[in-house]
Amino acid sequence: MDVLVNAAVSADGKLSSRRREQIAISGEADFARVDRLRAEVDGIVVGVGTVLADDPSLIRHDEAHRRKRRGPNAPPPVRIVADSRCRTPTGADVLAGGPTTYLLTSEAAPPERREALRDVGAETVVAGDERVDLGEAFGRLEDDGIERLLVEGGGELIFSLFEAGLVDELTVFIGNMIIGGRDAPTLADGEGFVSAFPELELAGVEQLDSGVVLEWTVR
Ligand SMILES: NC(=O)c1ccc[n+]([C@@H]2O[C@H](COP(=O)([O-])OP(=O)(O)OC[C@H]3O[C@@H](n4cnc5c(N)ncnc54)[C@H](O)[C@@H]3O)[C@@H](O)[C@H]2O)c1
Ligand SMILES: Nc1nc(=O)c(N)c(NC[C@H](O)[C@H](O)[C@H](O)COP(=O)(O)O)[nH]1
């Protein structure tokens, strides 16, 4: 599995405000860049915290770029939500129309919630006891031919992926604003590392919109 993480953060490293409302940190050129990234992968991943905060649909991508890079018959990327307890609302946009939506969940999810989400078309993958075992779940996606993933957040999920050693590349747009707030989500939240910090290697720097895009590979 090849895993690319992408996010937009403020100059002080926040993904959104303490109210967890989506903020336009980047601009048109960055959204177009993300649309191209989406077109290059088999699946787009978010955590359920992002679904509850932003209600993304994860459908939009650069179709022309997809055809050019992956051929005329390449399917659009599937949508994937990491959701340990099946908290995704059945009416969430990520479940509406469009490509398959995989729900990665755990044994801790109430069976009736899992059933309800299956009833509205979600493809459920159960891996892990309390939380999604991301390595195992990604292995199951690979069995379905999903080999390259773009993870778009949020901070809890991104931290867990680094903790599990599953991230290959990280691209971050850093914008021209300060959001602040000790409770505002950052790029990597979770418990945080105290030693054995994952190390990155700088692979690219580009000025875009009113900020900068940093491309990192994970050592
Ligand atoms: N600026 C950006 O680029 C960007 C992108 C995405 C999200 N966001 C923001 O991030 C915030 C949401 O982030 P968040 O950190 O609250 O939630 P999140 O999206 O990281 O989701 C966390 C949830 O994922 C699920 N999960 C399943 N397995 C897990 C595992 N092994 N480890 C961790 N989580 C696991 C859990 O149910 C957990 O509650 C929102 O405010 C949203 O607006 C910003
Ligand atoms: N590139 C980028 N710049 C930002 O300033 C910002 N706030 C996001 N945030 C990502 C966002 O939280 C969502 O995950 C998806 O962009 C929504 O996806 P849809 O358009 O619904 O498919 N992304």
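Residues numbered from 1 in each chain as written. Chains lettered and ligands numbered in written order. Predicted model: local features only at pLDDT ≥ 70, side-chain atom pairs only at ≥ 80, totals over all residues. Heavy atoms only, no water.

### Section: the overall build of the chain
Counting its regular elements, the chain contains six helices and nine strands. For 219 residues, the compact-globule estimate of 2.2 N^0.38 gives 17 Å, and the C-alpha radius of gyration of the chain, at 17 Å, lies within 12% of that figure. In terms of its C-alpha atoms, the chain occupies a principal-axis envelope of roughly 45 × 45 × 30 Å. Relative to its 219 residues, the chain shows a buried fraction of 47%. Element-wise, carbon and sulfur atoms account for 45% of the exposed surface of the chain, whose accessible area totals about 10,900 Å². Averaged over its 24 positive side-chain charges, the chain has a centre that lies 4 Å from the centre of its 40 negative ones. (Helix = DSSP H or I, 4+ residues; strand = E, 2+ residues; numbered from the N terminus. Rg over C-alpha atoms; globule rule 2.2 N^0.38 Å. Buried < 20%, exposed > 50% of the residue type's maximum accessible area, 1.4 Å probe, protein only. Areas by Shrake-Rupley, 256 points an atom, 1.4 Å probe, with all protein chains shown as cover. Lys, Arg positive; Asp, Glu negative; His and termini not counted. Charge placed at Lys NZ, Arg CZ, Asp CG, Glu CD.)

### Let's talk about the sheet that holds strand E5 (residues 123-126)
Spatially, nine strands are ordered E5-E4-E3-E2-E6-E1-E7-E9-E8 in an open sheet, and the strand pairing comes out mixed. Lying at the two open borders of the sheet, with one neighbouring strand each, are E5 and strand E8 (200-208). Averaged over neighbouring strand pairs, the angle between their axes works out to 20° when direction is ignored. (Pairing = 2+ DSSP bridges. Axes fitted to C-alpha atoms, helices over the stretch in contact; angles between N-to-C directions.)

### What about the site of ligand 2?
Taken together, 17 residues lie around ligand 2, and Ile-23, Ile-25, Ser-26, Asp-54 and Arg-60 are the ones closest in. Note that a nitrogen atom of ligand 2 is positioned 2.6 Å from one of the side-chain N or O atoms of Ser-26. Between ligand 2 and the protein, one listed contact pairs an oxygen atom with a backbone N or O atom of Leu-58 at 2.9 Å. In isolation ligand 2 exposes 530 Å². Once the protein is present, 87% of that is buried. Broken down by element, the shell around ligand 2 gets its largest block of residues, four residues, from helix H1 (residues 28-39). (Near = heavy atom within 4 Å. Polar contact = N/O pair within 3.5 Å; in protein donor to acceptor, adjacent residues only side chain to side chain.)

### Things to note about the UniProt feature "domain: Bacterial bifunctional deaminase-reductase C-terminal" (unreviewed entry) in the chain
This chain's UniProt record puts "domain: Bacterial bifunctional deaminase-reductase C-terminal" (unreviewed entry) on residues 3-214. Across residues 3-214, the secondary structure splits into 26% helix and 23% strand, with the terminal C-alpha atoms separated by 16 Å. (UniProt positions renumbered as here; feature names shortened; annotations may be inferred.)

### What to know about the site of ligand 1
In the vicinity of ligand 1 there are 27 residues, among which Ala-8, Ser-16, Arg-20, Thr-50 and Ser-160 approach most closely. At 2.6 Å from an oxygen atom of ligand 1 is found a side-chain nitrogen or oxygen belonging to Arg-20. Between ligand 1 and the protein, one listed contact pairs an oxygen atom with a backbone N or O atom of Gly-47 at 3.4 Å. For ligand 1, whose accessible area on its own is 870 Å², the fraction buried by protein is 89%. Listed by contribution, the elements that provide at least two residues to the shell around ligand 1 are strand E1 (2-9), helix H2 (48-54) and helix H6 (155-163). Residue composition of the shell around ligand 1, grouped by class: eleven nonpolar, nine polar and seven charged. (Nonpolar A, V, L, I, M, F, W, Y, C, P; charged D, E, K, R; others polar.)

### Brief notes about the nonpolar core
In terms of nonpolar packing, the biggest core is built from 29 residues, with Ile-80, Leu-104, Leu-141, Val-151 and Leu-187 touching the most fellow members. Within the residue set of this core, elements represented by two or more residues are E1, strand E3 (78-82), strand E4 (101-105), helix H5 (134-143), strand E6 (148-151), H6 and strand E7 (169-174). Setting aside anything within four residues of it in sequence, one finds Leu-141 in contact with Met-1, Ile-80, Tyr-102, Leu-104, Ile-146 and Leu-149. Formed by 18 residues, the second largest nonpolar core is a distinct cluster that contains Leu-37, Val-41, Cys-86 and Leu-150. (Core = buried A, V, L, I, M, F, W, Y, C linked by side-chain atoms within 4.5 Å. Contact = heavy atoms within 4.5 Å.)

### With respect to a negative patch on the surface
On the surface, a cluster of negative charge is contributed by Glu-123, Glu-142, Asp-143, Asp-144 and Glu-147. Within the secondary structure layout, Glu-147 lies in the loop between H5 and E6. (Patch = residues over 30% accessible without salt bridge, like charges linked within 9 Å, V, L, I, M, F, W, Y side chains within 5 Å. Salt bridge = Lys/Arg side-chain N within 4 Å of Asp/Glu carboxyl O.)

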